[in-house]
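One letter stands for each residue in the lines below.
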Amino acid sequence: MTKKYSVDEKGFFGQFGGAYVPEILYKCVHDLQAQYLPIIQSKEFQDEYYALLRDYVGRPSPLYYAKRMSEKYNCQLYLKREDLNHTGAHKINNTVGQILMAKKMGKTRIIAETGAGQHGVATATVCALMNMQCEIFMGKTDVERQHTNVERMKMLGATVHPVTTGNMTLSDACSEAIRDWCCHPEDTFYIVGSTMGPHPYPDIVAKMQSVISRELKEQLQEKIGRDYPDYLIACVGGGSNAAGTIYHYIDDERVKIVLAEAGGQGIDTDHTAATIQVGTEGIVHGSRTLVMQTEDGQIQEAFTISAGLDYPGIGPMHADLASKGREQVLAVNDDEAIYAGYELTRMEGIIPAIESAHAIAALKKLKFKPEDVVVLTVSGRGDKDVETYLNNKPLAKEYGNF
Ligand SMILES: *Cc1c(COP(=O)(O)O)cnc(C)c1O
């Protein structure tokens, strides 16, 4: 099969991507560019990585046939259960891989940005596992909003730095992590949490998450006798669980790809995080991509009920795939996501993360044939979101009676 959508040597996906970094980071980023593929492809890395995914993360994650939801949406719906991973989401797949890379590169200090705190927790977890110093940057607003995750990180031994610049949210935490990296380029490895940042990060994170679609191929073969579905559905913040879900199917045009981004209160309001719908081309956190920005290029704050989708940019890989029409991207609003979260809970006994609920909500917007095989990635579990579901229950009311 031809590889039409792959990243090129300079880190571009079509017109998007690249590595726009300050002079002082040039060497760090260049070292990583030179070393990441040989490390990932080495047998030693592969053995360690897959052993940890199996015994520590709990992979393979199940592929579950959701019978009642299949009947409701007139298709064959399978859920890829990333919510069952250790720490409750797909993010651990990536942090396990990146900390192994950090060790192979002789780094001793780990930094990471986090918004809702999920990537911070996944990073602090692998730092405890590998006995590495861990510094997490988190906007002060998020530190207050996501208190439990802050306590989890501290319990795991990380230092959490509240960031007080800008809106004091995820985007500011990314900028601060990059600043810290500039001050400690020699000993520090930056574990980026999604398919964003300068090349090679979008490619690294996509490769670390690609285990999702690698498993899908085997699981589908076993369950339905062919290794591809008709549809793949995932939610998209920076784009990592979506990248993992589609990775081994990108060039397989038999497979339709539908992603759900966070519409917030609606894409025609100021309260949205639907970057692909409303963003314009620009450079953010080291790569050229679609960004929500003002006319003079100031980054606009993203708004959504879901802390994990609250990012004003989008990974360059998805900017490219969406602009070429390979991915269909739907904006799902807060009320639709809340409804979908309750729906999956009541129909299948699975409380999804509010991020994942955006993907569930996409089902309503699509028209299937009864024989269509639809694989939807449940990126994380909803324990962290119970309060949000309860506080916003009225939003779901107009759709149904829960
Ligand atoms: C962080 C997060 C997301 C969004 O990040 P992506 O990089 O777009 O996958 C989605 N779901 C959950 C559960 C998350 O924690």
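- Per an unreviewed UniProt entry, the recorded name for the protein is Tryptophan synthase beta chain, and the organism is Segatella bryantii.
- Its UniProt record, at the heading Catalytic activity (unreviewed entry), says of the protein: "(1S,2R)-1-C-(indol-3-yl)glycerol 3-phosphate + L-serine = D-glyceraldehyde 3-phosphate + L-tryptophan + H2O".
- Check the Cofactor (unreviewed entry) section of the UniProt entry for the protein; it says "pyridoxal 5'-phosphate".

### A short note on the packing of aromatic side chains
Describing an aromatic ring pair means giving the distance of the ring centres and the angle of the ring planes.
Phase 1 of the analysis: Per the counting criterion, the structure on display carries eight aromatic pairs.
Phase 2 of the analysis: Each ring, one from Tyr342 and one from Tyr389, has its centre 5.7 Å from the other, and the planes form 75 degrees; the classification is edge-to-face. Placement of Tyr342 in helix 14 (residues 334–348) and of Tyr389 in helix 16 (residues 386–391) is noted, with a sequence separation of 47 residues between them. Per residue, the accessibility class of Tyr342 equals that of Tyr389, and both read buried.
Phase 3 of the analysis: Three or more aromatic residues joined by ring pairs make a cluster, and in this case those are Phe45, Tyr49 and Tyr50.

### A word on unusual backbone geometry
Phase 1 of the analysis: Cis peptide bonds are those with omega within 30 degrees of zero, and the linkage from Arg59 to Pro60 qualifies with 0 degrees.
Phase 2 of the analysis: With respect to the helices, strands and loops of the structure, Pro60 is situated in the loop between helix 2 (43–57) and strand 3 (63–65).
Phase 3 of the analysis: Residue Pro200 is reached from His199 by a cis peptide bond, and omega for that bond is 15 degrees.
Phase 4 of the analysis: Inspection of the secondary structure assignment puts Pro200 in the loop between strand 8 (188–190) and helix 9 (201–209).

What counts and how
- Residues numbered from 1 in each chain as written.
- Predicted model: local features only at pLDDT ≥ 70, side-chain atom pairs only at ≥ 80, totals over all residues.
- Heavy atoms only, no water.
- UniProt positions renumbered as here; feature names shortened; annotations may be inferred.
- Phe/Tyr/Trp six-rings, centres within 6.5 Å; stacked < 30°, edge-to-face > 60°.
- Helix = DSSP H or I, 4+ residues; strand = E, 2+ residues; numbered from the N terminus.
- Buried < 20%, exposed > 50% of the residue type's maximum accessible area, 1.4 Å probe, protein only.

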